[in-house]
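Reading the structure
Okay, here's what each chain looks like letter by letter:
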Amino acid sequence: MKPSSSTTSAPTAPGEPAEGALSSRAGLFNGIAAYSMWGLVPLFWPLLMPAGAMEILAHRMAWSLVVVGGVLLVLRRWGWAGELIRQPRRLALVTVAAAVITVNWGLYIWSVNNNHVVEASLGYFINPLVTIAMGVLLLKERLRPVQWAAVGTGLAAVLVLAFGYGQPPWISLALAFSFATYGLVKKKVNLGGVESLAAETAIQFLPALGFLLWLGARGESTFTAEGGGHAVLLALTGVVTAVPLVCFGAAAIRVPLSTLGLLQYLAPVFQFALGVLYFKEAMPPERWAGFGLVWLALTLLTWDALRTARANRARAAELAAQLPKAQAPAPTPPAASASVEEAPGPEIVAVAEDPAPRP
């Protein structure tokens, strides 16, 4: 309901509550759709075989630019591009982000197509803990006791899993650290999700196109050699990248950050379930123990974030009640309370980042 500027309450339009509820439900639906698509994407990458991980990655980078460029063309949102080009520092950060997400995408595709779906899902489970650790080490952030307990539990989980795998879970750690680094750089760039993905894929495009042309010249490209259906599937990698992002953007402006923070776990949960139930990957007891510790750490992190958010809201309400009505700040409209850049991706609210290019 819109706030009235007078002391007398203005009549509420009959359709407003219903519209707010519909907007909230639409946001929740879009959030579930986005994280579900990111969670179910392991079913897509094997369809692209016999293409190798590098060829799939190159097609994803090239076709993502085509799709996102089309979205921006429809929306007529190009003003940010000229501003970005005139700021060398931000452009350099976008280049770093593009390089890091290239590593993340490539490793994830390789992991799925080489029967490491469970280990890949672990990377996105521990990503919030890695992000918190990076905040402490690089940004000198202070943690609350429960956050320290979560990080310690996560470290214990990695040690247990290292014992279970016979070596550290390198795939999980590389995915977690690359995505955490990507989020850290993206926060410095401060671009919206669609614009950021467009900038990053624009940087990726020429190397990707050059690699695809090189494969074609060597007669090793599968784009034309495996038939039209295979070529269409490779082209759809751009759609698979962009559509969840569009759904996430629609959710970010309609639902609270705490809701998005909880929805984020849908993706690795789906990935883990696919790895165990569909791809039939082994889960000996020590791996269950390691994953159990990770889930305990995330439960602690989530509980602490929700408790802190409730305490902050109560404190804000108490302060607002103490102010004279004339000085009380006007409520922020729900649609303006969150943006794509503010919404949490693989982290809970306390360590939010923009999750534009998920696995």
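Structure: see above.
Cut-offs and rules
Residues numbered from 1 in each chain as written. Predicted model: local features only at pLDDT ≥ 70, side-chain atom pairs only at ≥ 80, totals over all residues. Heavy atoms only, no water. Core = buried A, V, L, I, M, F, W, Y, C linked by side-chain atoms within 4.5 Å. Buried < 20%, exposed > 50% of the residue type's maximum accessible area, 1.4 Å probe, protein only. Helix = DSSP H or I, 4+ residues; strand = E, 2+ residues; numbered from the N terminus. Contact = heavy atoms within 4.5 Å. Arc of directions from axis to C-beta. Axes fitted to C-alpha atoms, helices over the stretch in contact; angles between N-to-C directions. Parallel < 35°, antiparallel > 145°, perpendicular 65-115°, else oblique. Left-handed = near helix turned anticlockwise from the far one by under 90°. Nonpolar A, V, L, I, M, F, W, Y, C, P; charged D, E, K, R; others polar. Salt bridge = Lys/Arg side-chain N within 4 Å of Asp/Glu carboxyl O. Polar contact = N/O pair within 3.5 Å; in protein donor to acceptor, adjacent residues only side chain to side chain. Expected span 1.5 Å × (residues − 1).

Counting residues in each nonpolar core, the largest one holds 44 residues, and the members touching the most others are Trp45, Ile56, Val68, Trp80 and Tyr108. Of all the elements in the fold, those that place two or more residues in this core are α2 (53-75), α3 (79-85), α4 (88-113), α5 (117-139), α7 (170-189), α8 (193-217) and α10 (237-252). The biggest single contributor to this core is α4, with nine residues. Setting aside chain neighbours within four positions, we find Trp45 in contact with Ile56, Arg60, Tyr108, Ile109, Val112, Asn113, Thr237 and Pro359.

Those residues of helix α9 (residues 228-235) lying buried are His230, Ala231 and Leu234. Buried residues of α9, viewed axially, fall in a sector of 100 degrees; they line one side. Structurally, α9 contributes buried residues whose contacts are with α2 and α10.

On to the packing of helix α6 (residues 145-165) against helix α13 (residues 285-322), then. Where α6 meets α13, the closest approach of the two axes is 8 Å, and the angle between their N-to-C directions is 165 degrees. Classified by the angle their axes make, α6 and α13 are roughly antiparallel. The way α6 lies across α13 gives a crossing that is left-handed. For the contact of α6 with α13, the class distribution of residues is 18 nonpolar, five polar and four charged.

On to the pattern of salt bridges, then. By the definition in use, this model includes six salt bridges. Between Asp304 and Arg144 there is a salt bridge, and its shortest N-O distance comes to 2.7 Å. Note that Asp304 is positioned in helix α13 and Arg144 in the loop between α5 and α6, a separation of 160 residues in sequence. Residue Asp304 is classed as buried on the basis of its relative accessible area of 0%. For Glu200, the salt bridge is made with Lys186, and the minimal N-O distance between the two is 3.4 Å. Of this pair, Glu200 sits in helix α8 while Lys186 sits in helix α7; the two residues are 14 residues apart in sequence, bridging distant segments of the chain. One exposure class covers both Glu200 and Lys186, and it is buried. Within the structure, one salt-bridge network assembled from shared partners comprises Arg144, Asp304 and Arg307.

The next subject is the side chain of Ser64. Position of Ser64 among the secondary structure elements: in helix α2. Within the structure, the side chain of Ser64 is placed 3.3 Å from the side chain of Thr241, a separation counted as a polar contact. Apart from the residues lying within four places of it in its own chain, the contact partners of Ser64 are His59, Thr201, Thr237, Gly238 and Thr241.

Look at α4: 37 Å from first C-alpha to last across 26 residues, which is about the 38 Å you get at 1.5 Å a residue. Asn115 lies just past α4 and shows a positive phi near 65 degrees.

Met49 connects to Pro50 through a cis peptide bond whose omega is 20 degrees. Mapped onto the fold, Pro50 is located in the loop between α1 (16-40) and α2. The backbone phi angle of Lys280 is positive, close to 60 degrees, even though this residue is not glycine.

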